[in-house]
Amino acid sequence: MYHLAVTARSLVLLLPLFASACFVDRIYDDIPLERVWGRAQSPSFAACVFATPQIYDAISEPTMLVAAGDGVVLALDPLSGAELWRVSMPAPDGEAPMIVASPVRVAERLVVAYHTVGAGEARTLDTEPLRHRVAVVDLANRRLDPAFAPLEIAIDKPVSGGETVSFAPARQLARGQLVSLPPRRGSAASLGTAYVSYGSHARTQPWHGWLLELDLDAWLASGTASAISGVLLTTPEADCDAVGADANTRCGGGFDGGAGPLVLPGSDDGRGDDARLLVAVSNGELDLARSRYANALLRLRRGVELSYACEPSLCAGSEATDPKERCLESCIDVHLPRLLPGQSPPRPPSVDCTGLSLLACLGRLDLAPAVTPVAIEARGRQAIVWPTPDGHVSLLGTDKLGTLYDRARVADDCGASGDACSDVSAGTIAAQPALSTLEGWPLVVVSTFMPDKTHAAGLSALVVVERDDGSLGFTTLWRSADVEASLLAAAGSTTAPLRFRQRPTRAVIGTARDASVAWIVDIGAAESGRGNLLAMRLRDGRIVVEQPLGQGAGVASAAPLVQDETVTVSSCVDGKGHLERYRVTLP
């Protein structure tokens, strides 16, 4: 049993009755949107827009910043979509820049991670990178900042056995959003640090997970030689599997989540020594004794240092690729996916996980749990909510990440008799959850997708509550697919639309007609191949907005930009970027 405020608990208990008995004559509330700009009014991009647009509140006027796949940062007028200015990332002769990761703004500067491809080559995610770089844009003066020479990533990191692991540009890609921390309290520095994460390019070995800390003040004062102040290598192995080997091998462990690291600022808005980063590591081979942290969630100090991993005495003798329960429970700054008593590992029809632990099963399925978590506070108690691609959401302790309070299923296993899963390794969760509250309790909105044609998918709203024994746990408020199916059945329809067959964008909390909603793009949902912009009401999971995109299926890595009741989404049409901006119409 769970303790909730009376109104919230009543809402949870009455939801099925509410969904099936109300609004029989209206399946959706159907709040209309109007296009602010798009198609001919929006600027053209020579490549897709993989990064999430952001608003820069300049002194003169608000500006929308767009980091495009063709290596250009553009400033747009949010009202008209007109281009105000642009800055191209520098590239050597014979090479062209490409941006995938969302940049981070630090005061009046924008820190941009990008890579280069051969001039004339298609700037797609399949094109092999030639080099990786970081540049800084001076937003006030609308130019590359001449005080920051472009930083080229070239790292040789010593590992055990006297060997060295080198950063291999062709095998790495920066996908995750860049983040930053302010300078330490009392420091003479003014800019602080930025963090760039790298995962695999095209999932072809050998690759590693690299997380870099960039000291912006040292870079400014002493040049690129002083810019990198910390390096985390998740799989410190020079002896990887053969080039071209598939994903789940000795190396790997990339940072592949689009949301990037989660900043835990701690005291004094991140200026204290207790600031931390939470990073989710993709698949590879796990070995705690060798500091191989594939398939893990890590909590890092400044300098991207892991202070306290797991208790050696409890992990000694434990199987390297499948540590025992007592070892996993002892971990302070590491969490490895595991089951609660009575739970079973995934059981998709195409893969047999009988007798395997959760970690071993994830390895056999080639599932990569690189989903960025969220931090919650439940009536003064902190916890971490971490979804994993096997369709579950875990609730973790903060004193010890190894503490597992709860683990809830939000998606079925992919595949059914006569309906094979089109991509088992894609999993069913890939995006960071959205966070809101219900009666003072954390409300976590998780997006799921399903690469088959049998099982439902969509958004699930979980409330973090207190159990009778005082521990924290999940209770499900609604699943959008169930709500929609109930409404359709009550209206006499026997067929619900198959939504969320592909990985959607991140869900973003906003409003529509003063109701709190989760905005999300269902990628390529319509028969026309166009994506759907949806808004689901947080209190009951009802779809209140359904807007087919004007062009394209949408871009999963680029979250909607939500401002009040205006939403900007990106799409990709014939390899070219495209933006559309909508607003909720007045009643």
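Some remarks on the overall build of the protein
- Helix and strand counts for the protein stand at six helices and 40 strands.
- Over its C-alpha trace the protein gives a radius of gyration of 23 Å, about what one expects of a compact globule, namely 25 Å for 587 residues.
- With respect to the three principal axes, the spread of C-alpha positions in the protein is 65 × 65 × 50 Å.
- Burial status across the protein gives 57% buried among its 587 residues.
- Intrachain contacts of the protein at a sequence separation of at least 6 include 59% that bridge at least 24 residues.
- Charge centroids of the protein, computed over 51 positive and 67 negative side chains, lie 1 Å from each other.

Things to note about the sheet that holds strand β28 (residues 392–396)
- The strand order across the open sheet built from four strands is β26-β27-β28-β29, with neighbouring strands paired in antiparallel fashion. Of all strands in the sheet, those bounded by a partner on one side alone are β26 (374–378) and β29 (404–409). Neighbouring strand axes in the sheet, compared pairwise and without regard to direction, differ in orientation by 25 degrees on average.
- In terms of strand pairing, strand β27 (residues 381–388) meets β28 through five bridges, oriented antiparallel. Looking at β28, one finds that Thr388 is bridged to His392.

Examining helix α5 (residues 358–365)
- For α5, the buried fraction is high: six of the eight residues fall into the buried class.
- Listed as buried for α5 are Leu358, Leu359, Cys361, Leu362, Gly363 and Leu365.
- Against β22 (286–287) and β29 lie the buried residues of α5.
- With its phi angle positive at about 60 degrees, Asp366 sits one or two positions after the end of α5.

Things to note about helix α6 (residues 480–490)
- Taken as a whole, α6 has its buried residues at Ser480, Ala481, Val483, Glu484, Leu487 and Leu488. One face of α6 carries all of its buried residues, which in axial projection span an arc of 165 degrees.
- Looking one or two residues past α6, Gly492 carries a phi angle of roughly 95 degrees, positive in sign.

Regarding the sheet that holds strand β21 (residues 276–280)
- On the basis of which strands lie adjacent, the open sheet formed by four strands has the order β20-β21-β24-β25 and antiparallel pairing. Here the strands that pair on one side only, and so sit at the sheet edges, are β20 (262–264) and β25 (334–335).
- As defined by bridge partners, β21 adjoins strand β24 (residues 297–300) across four bridges and the pair is classed as antiparallel. Pairing of Val279 across the sheet is with Leu298, part of β24.

Notes on the packing of aromatic side chains
- Considering all chains together, one arrives at three aromatic pairs under this definition.
- Relative to Trp219, the ring of Phe148 lies with its centre 5.2 Å away and its plane at 90 degrees, an arrangement referred to as edge-to-face. Highlighted residues: Phe148 in the loop between β11 (143–144) and β12 (151–152) and Trp219 in helix α2 (residues 216–222), separated in sequence by 71 residues. Accessibility assignment for this pair places Phe148 and Trp219 in one class, buried.
- Ring centres of Phe167 and Trp210 lie 5.7 Å apart, and the angle between their planes is 65 degrees; on these two criteria the pair is classed as edge-to-face. With a gap of 43 residues between them, Phe167 in the loop between β14 (164–166) and β15 (172–173) and Trp210 in strand β18 (residues 210–215) connect regions that are remote in the sequence. Of the two residues, Phe167 and Trp210, both sit in the buried class.
- Chaining the aromatic ring pairs together yields one cluster made of Phe167, Tyr198 and Trp210.

A short note on the pattern of salt bridges
- Considering all chains together, one arrives at 28 salt bridges under this definition.
- The shortest N-O distance in the salt bridge between Arg131 and Glu152 comes to 2.7 Å. With a gap of 21 residues between them, Arg131 in strand β10 (residues 131–138) and Glu152 in strand β12 connect regions that are remote in the sequence.
- Taking relative accessible area as the criterion, Glu152 reaches 34% and is therefore assigned partly exposed.
- Here Asp268 and Arg185 are joined by a salt bridge, their closest N and O atoms 3.1 Å apart. Of this pair, Asp268 sits in the loop between β20 and β21 while Arg185 sits in the loop between β16 (179–181) and β17 (193–200), placing them 83 residues apart in sequence.

Describing unusual backbone geometry
- Look at Asp366: it is not a glycine, yet its phi comes out positive at around 60 degrees.
- Classification of Asp366 as buried rests on a relative accessible area of 13%.
- We note that Glu439 has phi near 50 degrees; this positive angle belongs to a residue other than glycine.
- Within the element layout of this structure, Glu439 appears in the loop between β30 (434–438) and β31 (441–447).

Describing the side chain of Ser460
- Within the secondary structure layout, Ser460 lies in strand β32 (residues 459–467).
- Apart from the residues within four sequence positions on either side, Ser460 is in contact with Val410, Val444, Val445, Val446, Trp478 and Arg479.

Concerning the environment of Ala457
- Here Ala457 is to be found in the loop between β31 and β32.
- Judged by relative accessible area, Ala457 falls into the buried class, the value being 10%.
- With near-sequence residues (within four places) excluded, Ala457 lies in contact with Thr448, Phe449, Met450, Ala481, Arg499, Phe500 and Arg501.

A short note on the state of the cysteines
- With the rule as written, the count across this model stands at six disulfides.
- The residue that forms a disulfide with Cys240 is Cys251, at a sulfur-sulfur distance of 2.0 Å. The chirality of the disulfide connecting Cys240 with Cys251 is left-handed, given an S-S dihedral of about -90 degrees. Of this pair, Cys240 sits in the loop between β19 (228–233) and β20 while Cys251 sits in the loop between β19 and β20, placing them 11 residues apart in sequence. Note on accessibility: Cys240 and Cys251 belong to one class, buried.
- Between the sulfur atoms of Cys315 and its disulfide partner Cys327 the distance amounts to 2.0 Å.

Topic: the side chain of His578
- Mapped onto the fold, His578 is located in strand β40 (residues 576–584).
- Taking relative accessible area as the criterion, His578 reaches 5% and is therefore assigned buried.
- Side-chain polar atoms of His578 contact the side chain of Glu580, separated by 3.1 Å.

Describing the environment of Thr204
- Summarising the element assignment, Thr204 is placed in the loop between β17 and β18.
- For Thr204, a relative accessible area of 23% gives the class partly exposed.
- Separated by 85 residues in sequence, Thr204 and Ala289 have C-alpha atoms that sit 25 Å apart.

Rules behind the numbers
Residues numbered from 1 in each chain as written. Predicted model: local features only at pLDDT ≥ 70, side-chain atom pairs only at ≥ 80, totals over all residues. Heavy atoms only, no water. Helix = DSSP H or I, 4+ residues; strand = E, 2+ residues; numbered from the N terminus. Rg over C-alpha atoms; globule rule 2.2 N^0.38 Å. Buried < 20%, exposed > 50% of the residue type's maximum accessible area, 1.4 Å probe, protein only. Contact = heavy atoms within 4.5 Å. Lys, Arg positive; Asp, Glu negative; His and termini not counted. Charge placed at Lys NZ, Arg CZ, Asp CG, Glu CD. Pairing = 2+ DSSP bridges. Axes fitted to C-alpha atoms, helices over the stretch in contact; angles between N-to-C directions. Arc of directions from axis to C-beta. Phe/Tyr/Trp six-rings, centres within 6.5 Å; stacked < 30°, edge-to-face > 60°. Salt bridge = Lys/Arg side-chain N within 4 Å of Asp/Glu carboxyl O. Disulfide = S-S within 2.5 Å. Polar contact = N/O pair within 3.5 Å; in protein donor to acceptor, adjacent residues only side chain to side chain.

Everything listed here is a matter of coordinates, which is why it stays silent on function.
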